[in-house]
Amino acid sequence: MNNGTDKSWPPHVGIVALEIYFPSQYVDQTELEEFDGVSGGKYTIGLGQSKMGFCSDREDINSLCLTVVKNLMEKHNIGYEKIGRIEVGTETILDKSKSVKSVLMQLFEASGNTDIEGVDTTNACYGGTAALFNSLSWVESSAWDGRYALVVAGDIAVYASGAARPTGGAGAVAMLVGPNAPLVIERGLRASHSAHVYDFYKPDLESEFPRVDGKLSIQCYLSSLDKCYKRFSEKAKAKNSETISLESFDGILFHSPYCKLVQKSLARLLLNDAISLPEADVKSKYSDLESIRSVKLEDTYFDRDVETKVVSSSKKIFEGKTKPSLHLANQVGNMYTPSVYGGLVSYLASKTEAQLVDNRVCVFSYGSGLQASMYSIRICKANGQLTKLLGGISDVNSRLDSRKKIQPALFEKTMTLRQEVHHKAPYVPVEPVADFFPGTYYLESVDDMHRRKYTRKMK
Ligand code: ACO
């Protein structure tokens, strides 16, 4: 391994292993439609959501991250001394000073490894991508000492009751970053867009709920997608003389606030292609889109005619390249920072190793406020590492299926309890832990100094 003194960059830097955690309980979106008194199909068809994972008073951002890191380290048998950096991306803020990263250090105590860089990063759903980029930079820097970086993205996504509530969710992803990885992040090929907007933000530090301007947040998401795709295409042209289009990728993954927006986003990339590709290409490949080549992207965020046309034209591409990445998003909901990485897990879990090798995957990450990026991943065998990576996530679908369904009335009661006890100290949680997955950390108590203590459920 490069010990950091070599001037050349380490090869194939990317994701070596990954793990996902989501709560063992969910509310069914059809039952929630009925309970909320909205028209049947609004959440399931209109938003494209089937189930929503949620946490009781037993879980918080620290416990989610403890669980996912411990499970990753155990599954892949990684020694704690092998980690040199930890980056946590989250917008679930329990403490304005003490980082989640520092809480994770309790897992490292027995190893004696305290020489670990990195802290937490926050910008809505984007923090996990910032954490990933920071970790890739560390591995490619003069400060790298040959050890792995650990990227953790976790959130509890809860909204006040109303239109946004069915777009909640919860979960955490941990990713081991290093050289010679099976999921290689393409070097020198990233595009970002950042701007100052109040589309979704959390100014009330006493509450878990965001302030959200739903329509503005959708417009910001779609306009960021347009900008990132254009810049990514320009960079690919400059770097490799490559013309980017939907055909450039085997998989196209998005941050998923709700699945319907992702389908519209894939369609929007087709609209971008129809506008930017040479006329002859559009004529031969997408003749039905010739009539909308002259539209201005910024006039079309809520243009129903254009949307219907591109959604219909891109249906096959969506089903092949994007839908497989939406299983966790559909079954758990928006997990905020881990959402797009849940997309990566779903995509990987939907195919065999042979189908995945040599795939090129496009990733779009969005965080309100706003910050967005597009980058790409090349999948390779990496000397057996891909087999190990896939083995680690092979239980995802059985875990999803073994969750417990909770009635909407009890879900509402749990949301109210979380609201009442958020930041309460001292506090001893009251909800049961019997149905937690084995290996789940949960909150045991909060003392009168707001210090939190966690226990792990073993069986
Ligand atoms: N059957 C089928 N579809 C239906 C039905 C029904 N019975 N009823 C409504 N719908 C459709 C609507 O036509 C609409 O479709 P469209 O999006 O194609 O127009 C869709 O369901 C949603 O219904 P609306 O009434 O338009 O929207 P609503 O007031 O329910 O709010 C919103 C939806 C804005 C997404 C809300 O849930 C929200 O604010 N969520 C949080 C913000 C968010 O996720 N933003 C995205 C990016 S930022 C982020 O990641 C947090």
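Placed above this text is the structure.
It should be emphasised that the depicted structure is a prediction, and the values quoted were computed from it without experimental measurement. (Residues numbered from 1 in each chain as written. Predicted model: local features only at pLDDT ≥ 70, side-chain atom pairs only at ≥ 80, totals over all residues. Heavy atoms only, no water.)

1. Concerning the overall build of the protein
For step 1, the next point in the chain: Within the protein one finds 16 helices and 17 strands.
For step 2, the next point in the chain: For 459 residues, the compact-globule estimate of 2.2 N^0.38 gives 23 Å, and the protein sits close to it at 22 Å.
For step 3, the next point in the chain: When its C-alpha atoms are laid out on the principal axes, the protein stretches across 70 × 65 × 40 Å.
For step 4, the next point in the chain: The contacts of the protein with a sequence gap of at least 6 include a subset with a gap of at least 24, amounting to 75%. (Helix = DSSP H or I, 4+ residues; strand = E, 2+ residues; numbered from the N terminus. Rg over C-alpha atoms; globule rule 2.2 N^0.38 Å. Contact = heavy atoms within 4.5 Å.)

2. Digging into the pairing of strand 16 (residues 441-446)
For step 1, the next point in the chain: For strand 16, a buried count of five out of six residues is recorded, marking the element as mostly surrounded by other parts of the structure.
For step 2, the next point in the chain: In terms of strand pairing, strand 16 meets strand 17 (residues 452-456) through five bridges, oriented antiparallel. Bridged to Tyr442 within strand 17 is Thr455.
For step 3, the next point in the chain: Hairpin remark: strand 16 followed by strand 17, antiparallel, with five residues in the connecting loop; positive phi at His450, about 65°. (Buried < 20%, exposed > 50% of the residue type's maximum accessible area, 1.4 Å probe, protein only. Pairing = 2+ DSSP bridges.)

3. Thoughts on the site of the ligand
For step 1, the next point in the chain: Near the ligand you find 23 residues, and of these Ser39, Lys42, Ser217, Lys264 and Arg304 are the closest.
For step 2, the next point in the chain: In this structure, Ala163 approaches the ligand through a main-chain N or O atom, which is 2.9 Å from an oxygen atom.
For step 3, the next point in the chain: Here a nitrogen atom of the ligand and a side-chain polar atom of Ser217 are 2.7 Å apart.
For step 4, the next point in the chain: A total of 1000 Å² of accessible area belongs to the ligand in isolation, and the protein chains cover 73% of it.
For step 5, the next point in the chain: The site holding the ligand turns out to be the second largest pocket.
For step 6, the next point in the chain: Only helix 2 (42-46), helix 6 (214-240) and helix 7 (259-276) provide two or more residues apiece to the shell around the ligand. (Near = heavy atom within 4 Å. Polar contact = N/O pair within 3.5 Å; in protein donor to acceptor, adjacent residues only side chain to side chain. Areas by Shrake-Rupley, 256 points an atom, 1.4 Å probe, with all protein chains shown as cover. 1 Å grid on protein atoms, 1.4 Å probe; cavity = no way out; pocket = protein on both sides within 12 Å on 5 of 7 lines; lining within 4 Å. Sits in = over half its atoms within 2 Å of the grid points.)

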